[in-house]
Structures are given as structure tokens and as C-alpha cells.
Amino acid sequence: MAKLILSVDGTVLKEISLAKERTTLGRKPHNDIQVDNLAVSGEHAAIITILNDSFIEDLNSTNGTLVNGKPIKKHFLQNNDVIEIGKHKLKYFNDTPVQNAAADFERTMIIRKPSAAAPMAAPASPPPPSGAALSDTLTNMRPMAATPAVPPPAPSAAVPAVAPPAAAPAAAAAPTAGAVREAAIQVLSGAAAGRTLDLTKNLTTIGKPGVQVAVITRRPNGFFITHVEGTLFPTINGATLGGQAQQLNDHDLIEIAGVKMEFFFKP
Amino acid sequence: MAFARFPKSFLKNNFKLLLLQVFNGFGWTLSGRKERCLNTAKRLYGSDVDNQDQMQTGVRNAVAHRTRNASSGGSVALTDALQIISVSDPGRVRGHNEDCVESRPDIGVVVLADGMGGYNAGEVASGMATSSIASGLARAWTKARIGKLSREDAAALSQSILQEQVSIANRAIYDTAQKDPQCAGMGTTLVVCVYYDNFLTVGHIGDSRLYRMRNDALEQLTRDHSLLQEQIDSGLITKEDARQSHNKNLVTRALGIDPEVEAEIHTYDVVEGDIYLLCSDGLNDMIEDEEIQMTMIALRTNLDLTAQQLVQAANDAGGRDNVSVMLVNVLKSFPVERGFWAKVKSLFA
């Protein structure tokens, strides 16, 4: 569950769990978080929590609310955001991983209004039963999640094109393919001879549209070439490409639509 | 400066939601559970649920069917006009596939469902949904019934038949879930398209989507029935912030949860060259719309590869959910000829 740590001048005053749908903050005593300081309005701000997401809204306070130094009216709180109200600071903690949750957390679930359902549980009770065990110590969820934080091993090593399920976490840890070495192709023959094309996109098509086209895909475990269209298939180092994707190695020679080109990894 | 407050009605209506479909404890022999669910379903609703090639557990299955050319008299045959590709993959984290896809090229029907609830009941629900709706449409959406209608009337009829078939499937899943404790709480999302006379009627429930690619622009035609989408609509959260939300995967409407359900149904004109993409959230949660668009543009000459590439991209991005992709390529327009000449032609056909 998300929480706020209230502090002033670096001294922690208290910790507030955002268990309620609406947590109010202000100088008056009826607020959930009372901050007794004249810089704080009677009803200063409210924090709305919907399941695992929290939003802060300034309730037209006299001196305003800052989040990470910027005045806000309404703000979708992110882990480690710092809310400033006068001299008081509230740091927002929400360790629930956005995407790396345990597999069960990711399952699609149906929600509906309480009128249609039986007993009301605590408003923000986490969805799956495993959540009960996880709710106090969300930070401990990481080991259970299928995605270790370590980056995948050097991708240039020969990795099977279709990684077995056991190898999947490595791929999951590199969603942006940031760990892939940069590569390019250099045209060796034809009108464009000498030109270099950086393979910066996930998909790069090469060849002549309508005649012979292949695509080079950038994946977490390297670069792969696949035939797209045309009756003739391209050749790699003189051997004709099959119907399946083939991984490219440094200095592979590609011939497509009568043009030779070389694939290479950038230093 | 006026600024929209949090809409109170939204919070009142939506916040105190109960999470209904929690998982029923620990699943034991997974195949046993599924077997029993299936048997009940079969007992109750005939063998329609039997022939599901997607119903294998723990097996990585990518099915790709391609429409065969088959000629039928009169107007352009749907099988000649539409190229349909389907791929369904369990992804990289889940052991089995709860998504289900089915197509009936002869009547221009494609169905995709993403099951949920229980350890295996999800795929029972999605399997029942796709087979019930596909076979139901095959029975209800016949030449005899629509042949004489104007285009407008055919479109209206397609909407009502779709709603009717969705209700039948919903009832079947709901009843099975009620009768068989192994299937308790199962449900499924749904997106189904019916193509006819240069239009398509789409029905959807939940967060499975239909996109349309026209003139290299990708447009999402369905709007998710999900908590996140409601938050976006009410202005609580921006579309950009939504990617950071912790409340993904919560649908507000599903098939098989309540005795009655209403599908959202719309009809759109279809133009030659359009490519339609039906997908489960395993695709659009893992990769951005821009990447989907880029892939579809780059590889449009080879749709089999496009579908495989989309699934692969979702898996490369983590593959945390089952991924299903159906592509419908409009090779040519498929108007239905009407009037005197059509009748004369049909005499000689």
C-alpha cells in the first residue's frame, strides 16, 4: 500500500498509509493529516487513492501545493514524489511495481460495483489472494516476480532464436532492447555503394519493394533477418535464406535484389 | 484558472469496487480442472467447445490459418475479398494460453476472446465464447436472412444478431460458471467482427481491441471497458500517465460474469486496402501503438510475418501475458449486388 512520510526540516513527524479513498490534509483538526501551521489552509489538499494509484488535488489553498518543486492543482503521484505544503514535506512511496508485478497481479480481472457483490472488504484490498501476503511488504515482491533486475548477458553470444521459457526473464528485463549492441549495414555494390545504414529501429526493411524485400529486426538477443516479399529469397554469405528468421553475425554478407551489403556491429 | 475537480460521481460509482474475480485458492492438477470444466460445458452446450485448437495447456502454439479462395455466385465472395491471419501465443511468462481466436472466412466473421478467472477456467470461457459466437453467427447470419435486405437493413440486422449471439454466449458461460465450481468466476473479454457488403460490424466487451489501419494511419476503433479507460474519460488521468498506472488489467465489463451483458456494437464502412487488427491486451500492453503501426506499414506485403512479428515484439518486450493477433486484410471491396441484374445473374450463376 502506498504511504506518505510527513517531515519538517528533515525531521520525520509521521507516516501515513493511504488506505482511504480520500485522505484530506489541512490545518483544521478534522483532516486525516492535520498540519498545524498557519501557512497551511484549513482544508488544504486531498489525496485520492484508487486501488494502487494515488492522485493529489489542491483544494484552492491560500499558499498552494508543490510537487517536486512545481505548483500543482492536480497530480498523479509517482513513487518518490515530494509534496511541499509550507515548510512541511510529504514524500510519497509506492513500491508496487508498475509492470513487474508477480504474474498473478497481471491477470485481467473484472471489477464491479459493490451493489452487485456480496460483503464489502476493505476498500483498497489488493486483488488476488496472494496480495494478502504481499501487501505489507511490497518491496519483497521483486524476487517473486518473474523479472530479475539484472540485465541479460551480452547478446552477441549465440542465443537460440526462440528462447525457451526459462530464458524469458532475461528478455523481460530489457524491454527497450537497450542492451543490444549497435549495428549497421554497409552497401557494397550498386548505385548506393559505400553508403551505411544504421539499424537503430526495431524494424528495418531492405531491398526493392515489389521485387524482393527483407526485414532486419532488432531484438534483445541480437539482429535477425527475415524474408518479406518476392519470389527470390535473399542470400546470407552465399546461402539462401529460409522461410525462418536467421540471426545475423558480424560481417555477414547479405545479397538482396542484386545488391550486396555487409552487416556489422559498431565498435 | 478553472480546473476540473475530481468528478465526485466517478469516485462514488467506481471507487468502492469489489474485486470479484479473485483466484480460487490454489489450482491443483491443472489439466484435471480444465477437463472437468470442459466436460460440464460439453454436457450443457453440446460439443461446440470440443474443437478448440487453442485449448492446449502449456504448449506454445502459434496457429496461422489463411483464407482459401472459394468462389460463390453473385457478388464478390468474402473469401476472395478478405485475407485473415490469426496467431495466438501464450507469451513468455504464462504457462498456458487463455486467449482464443476463431474465424469463419465464408461468412466474414472473426472472433477473439481473452479469458480470465481461475487457473484454467479462463480458457474455457474464452473457448466457449469464440465457438458459441462463431457457430451462432453461422446459423443466424445466413444468405437466406440477409440476401434480400438493403445495406442499411443488413447493417442493422448484423447489430441485433451480434447482440443476440453475445447474450447467448454470455448465458452459456455464466451458467457453466454457476454449475461447475471448477469454473466459478470465469469470464472473458470479446471482440468480434462481421464483414458484409463493404461494412463491418464490431462488437466488443472488455479490453480486447480492434484497430484499423487505413492510409498508413492506425486508429483504435474500440474503447476499452476498463477502469483505466474510465479514469482517462473522466479526466482523472491523462493518456500519457496511464502507462504508469498500477490499475491495468481491470475490466469493467466481461462475458460470463453476470446473467446479462451488453456488448458495445458499432458499424463502420470498409474500404479496399484497410487492414484490421484484433488483439488481446497482451499486445497493446507490451508494445506502443506506434510500434504496431510501424510493423504493419513495414511488413504489410507479408501479413503472416506481420502477425508473427507483432507477437514476437510483445514477447521481446517481456511477453507477460498471452498475446493474440488477428489481421483482416481487405484485398478488394465486397459490395453486394442488388436489383434486377443481380437476379438475372444469379439465374445463370
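Everything quoted here is computed from the prediction, not taken from an experiment.

## Things to note about the overall build of chain A
A count of helices and strands for chain A gives 4 helices and 22 strands. Across chain A, the fraction of contacts at a sequence separation of at least 24, relative to all contacts at a separation of at least 6, is 40%.

## Concerning the overall build of chain B
Broken down by element type, chain B carries 12 helices and 12 strands. Buried positions account for 50% of the 349 residues belonging to chain B. For chain B, contacts bridging at least 24 residues in sequence account for 73% of all contacts bridging at least 6.

## Some remarks on unusual backbone geometry
Residues and elements named next belong to chain A. The backbone of D9 sits at a positive phi, close to 50°, despite the residue not being glycine. You can see D9 is positioned in the loop between β1 (3–8) and β2 (11–17). Positive phi, normally seen in glycine, also occurs at N80, with a value near 75°. Within the element layout of this structure, N80 appears in the loop between β9 (74–76) and β10 (82–85).

## Considering the packing of helix α10 (residues 289–298) of chain B against helix α11 (residues 303–316) of chain B
All names here are of chain B. At their nearest, the axes of α10 and α11 sit 9 Å apart, and the two run at 150° to each other. Considered as vectors, α10 and α11 are oriented roughly antiparallel to each other. The element α10 and its partner α11 pack so that their crossing is right-handed. Between α10, through E291, I292, T295 and M296, and α11, the contact on the second element is made entirely by T306, Q309, L310 and A313. Among the residues forming the contact of α10 with α11, the class breakdown is 4 nonpolar, 3 polar and 1 charged.

## With respect to α11(B)
Residues and elements named next belong to chain B. Here α11 is 14 residues long and its end C-alpha atoms lie 19 Å apart, about the 20 Å a rise of 1.5 Å per residue gives. Counting buried positions along α11 gives 12 out of 14 residues, so the element sits mostly inside the fold. Considered for burial, the residues of α11 that qualify are L305, T306, A307, Q308, Q309, L310, V311, Q312, A313, A314, N315 and D316. In the segment just after α11, G318 is the residue with positive phi, at about 135°.

## Some details on the confidence of the model for chain B
Detail in the predicted coordinates should be disregarded across regions flagged by low pLDDT. Residues and elements named next belong to chain B. For chain B, per-residue confidence averages 80 on the pLDDT scale, and 76% of positions sit at 70 or higher. Across chain B, strand β11 (residues 275–279) holds the top mean pLDDT of 97, while strand β1 (residues 18–19) sits lowest at 32. This model gives residues 1–33 a pLDDT under 50, and the stretch forms 62 contacts once residues within four places in sequence are excluded. Note that residues 46–73 has pLDDT below 50 and, in this model, 66 contacts with residues that lie over four places away or in other chains. Of the two predicted TM-score estimates for the complex, the pTM is 0.69 and the ipTM is 0.71.

## What about the sheet that holds strand β6 (residues 53–58) of chain A?
Strand pairs in the sheet, formed through backbone hydrogen bonds, run parallel or antiparallel to each other. Residue and element names in this part refer to chain A. Taken in spatial order, the 5 strands of this open sheet run β4-β3-β5-β6-β9, and their pairing is mixed. Looking along the sheet, the strands with just one partner apiece sit at the ends: β4 (33–34) and β9. Here 4 bridges tie strand β3 (residues 22–26) to strand β5 (residues 45–50), and the two strands are oriented antiparallel to one another. Directly across from L25, in β5, lies its bridge partner A45.

## A few points about the pairing of strand β7 (residues 209–214) of chain B
All names here are of chain B. With 5 of 6 residues buried, β7 lies mostly within the body of the structure. Bridge count between β7 and strand β8 (residues 217–220): 4 bridges; the pairing is antiparallel. Within β8, the position partnered with R214 by the bridge is A217. Remark: 2 residues form the turn of the hairpin made by β7 and β8, two consecutive strands paired antiparallel; N215 in that turn has positive phi of roughly 50°.

## A closer look at the nonpolar core
In this structure, B:I173, B:C193, B:L278, B:V325 and B:M326 are the most contacted members of the largest nonpolar core, which totals 105 residues. The biggest single contributor to this core is helix α6 (residues 151–179) of chain B, with 10 residues. Not counting residues up to four positions away in its chain, the partners in contact with B:C193 are B:V110, B:L200, B:V202, B:L210, B:Y276, B:L278 and B:V328. Ranked by size, the runner-up nonpolar core spans 22 residues in total, among them A:V35, A:V40, A:L77 and A:I83.

## A short note on the sheet that holds β11(B)
All names here are of chain B. If you trace the 5 strands from one edge of the open sheet to the other, you get β2-β12-β11-β7-β8, paired in antiparallel fashion. Looking along the sheet, the strands with just one partner apiece sit at the ends: β2 (82–89) and β8. Averaged over all pairs of adjacent strands, the angle between their axes in this sheet comes to 15°, without regard to strand direction. By the bridge criterion, 8 bridges tie β2 to strand β12 (residues 323–330) in an arrangement that is antiparallel. The residue bridging D89 from the neighbouring strand is V323, located in β12. Where α10 meets the sheet, it contacts β7, β8 and β11, and its direction lies at approximately 135° from that of β8. Against the sheet, α11 touches β2 and β12, its axis set at about 155° to β12.

## Things to note about the packing of helix α4 (residues 121–140) of chain B against α6(B)
Residues and elements named next belong to chain B. Remark: α4 packs on α6, axes separated minimally by 9 Å, with the N-to-C direction vectors making an angle of 145°. As for the relative orientation of α4 and α6, their crossing is right-handed in sense. For the pair α4 and α6, contact is made by A125, M128, A129, S132, I133, G136, L137 and A140 and by I161, Q165, V166, I168, A169, A172, I173 and T176, respectively. Counted by class, the contact of α4 with α6 contains 12 nonpolar, 4 polar and no charged residues.

## Quick notes on the confidence of the model for chain A
Residues and elements named next belong to chain A. Counting all residues, the mean pLDDT for chain A is 76, and 70% of those residues have values of 70 or more. Under a pLDDT of 50 for its full length, residues 99–105 has, in the predicted model, 17 contacts with residues more than four places off or in other chains. When the criterion is pLDDT under 50, residues 115–178 qualifies, and its contacts beyond four places in sequence or with other chains add up to 95 contacts.

## Here we look at the environment of A:N80
Overall, A:N80 belongs to the exposed group, with 10 C-beta atoms counted inside 10 Å. When the C-alpha positions of A:N80 and A:Y92 are compared, they lie 5.2 Å apart, and in sequence the two are 12 residues distant.

## Focus: α10(B)
When we look at burial in α10(B), the residues that qualify are B:I292, B:T295, B:M296 and B:A298. In the core, the buried residues of α10(B) are packed alongside β15 (203–208) and β16 (212–219) of chain A together with β7, β8, β11 and α11 of chain B.

## Topic: the pairing of β11(B)
Residues and elements named next belong to chain B. Taking burial as the measure, the 5 residues of β11 include 5 buried ones, the bulk of the element. Residues I275, L277 and C279 of β11 are buried on one face, and the alternating residues Y276 and L278, pointing to the opposite face, are buried as well. Examined bridge by bridge, β7 and β11 share 5 bridges and lie antiparallel to one another. Paired with R209 across the bridge in β11 is C279. When β11 meets β12, the two strands line up antiparallel, connected through 5 bridges. Considered in β12, the bridge of I275 is made with N329.

Thresholds, definitions, all that
Residues numbered from 1 in each chain as written. Chains lettered and ligands numbered in written order. Predicted model: local features only at pLDDT ≥ 70, side-chain atom pairs only at ≥ 80, totals over all residues. Helix = DSSP H or I, 4+ residues; strand = E, 2+ residues; numbered from the N terminus. Contact = placed C-beta atoms within 7 Å. Buried ≥ 20, exposed ≤ 12 C-beta atoms within 10 Å, placed from the backbone. Axes fitted to C-alpha atoms, helices over the stretch in contact; angles between N-to-C directions. Parallel < 35°, antiparallel > 145°, perpendicular 65-115°, else oblique. Left-handed = near helix turned anticlockwise from the far one by under 90°. Nonpolar A, V, L, I, M, F, W, Y, C, P; charged D, E, K, R; others polar. Expected span 1.5 Å × (residues − 1). pLDDT = per-residue confidence, 0-100. Pairing = 2+ DSSP bridges. Core = buried A, V, L, I, M, F, W, Y, C linked by C-beta atoms within 7 Å.

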